[in-house]
Amino acid sequence: MNYLRRKNFIIPALSISLLLPLAACNKAPDTNGPNAATTIGVEIDDSVVTTKVKSALMADELVKSMDVKIETRKGEVLISGFADNQIQIDRSTTVAMAVEGVKKVDNKLVLKDGKQTVGNKIDDSVITAEVKAAMLSDTQMKSMDVAVVTRKGEVQLSGFVDSEVQAMHAQEIAKGISGVESVINNLKIKK
């Protein structure tokens, strides 16, 4: 008898606890102010879009070998990194726009400058790691919102930040890292 009482209490309580977080997905986005927050549902949708765009780019014969970063916010896809030629840059936009859930594509790909040596790749990996670590330890930055790609000492920052001040601060952090030749700031302000 005691088992039945517990069972009749536990199953409904467990069901409610599992369904309660899903209710947050139906919450309408906050559109007040310049940096409107996203809901859990929108963030999940953006993650799915990002994954689909990455998969589509990797499957495309023209663009699959590129070094790119994909960030998505409210259906807006930001593509950054380095491409071998203009055809790859143009094709990346076309492929991304064909993905379900993509509302807009902002293509910030840059043409590669010459051949990259193994030494350059190692140096660039170290620079990228140091920039990410510096942003992670900085109290004004949300480093998870900033993607970093480096090629021959040229650092490219992309992603979505809260303000222009935060975007400029991220650029200054990157410039302060040893080995950084230049910084391309492709950070966008959250809408």
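Going by the structure above, here's the rest.
I will try to describe carefully the structure that is included in this document. (Residues numbered from 1 in each chain as written. Predicted model: local features only at pLDDT ≥ 70, side-chain atom pairs only at ≥ 80, totals over all residues. Heavy atoms only, no water.)

Looking at the pattern of salt bridges
Considering all chains together, one arrives at 7 salt bridges under this definition. Here Arg91 makes a salt bridge to Asp60, at a shortest N to O gap of 2.6 Å. With a gap of 31 residues between them, Arg91 in helix H3 (residues 86–97) and Asp60 in the loop between helix H2 (40–59) and strand E1 (67–73) connect regions that are remote in the sequence. Looking at Arg91, the relative accessible area reads 33%, which means it is partly exposed. A relative accessible area of 11% places Asp60 in the buried class. (Salt bridge = Lys/Arg side-chain N within 4 Å of Asp/Glu carboxyl O. Helix = DSSP H or I, 4+ residues; strand = E, 2+ residues; numbered from the N terminus. Buried < 20%, exposed > 50% of the residue type's maximum accessible area, 1.4 Å probe, protein only.)

Points about the sheet that holds strand E5 (residues 154–161)
In space, the 3 strands of this open sheet follow the order E4-E5-E6, with mixed pairing throughout. The sheet is open, and its two borders are formed by strand E4 (146–151) and strand E6 (182–189), each paired with just one other strand. Averaged over neighbouring strand pairs, the angle between their axes works out to 10 degrees when direction is ignored. By the bridge criterion, 8 bridges tie E5 to E6 in an arrangement that is parallel. Within the sheet, the bridge partner assigned to Ser158 lies in E6 and is Asn186. In the packing of helix H4 (residues 118–137) onto the sheet, contacts are made with E4 and E5, and the angle to E4 comes to roughly 155 degrees. Relative to E6, helix H5 (residues 164–175) is tilted by about 160 degrees, and along the sheet it contacts E5 and E6. (Pairing = 2+ DSSP bridges. Axes fitted to C-alpha atoms, helices over the stretch in contact; angles between N-to-C directions. Contact = heavy atoms within 4.5 Å.)

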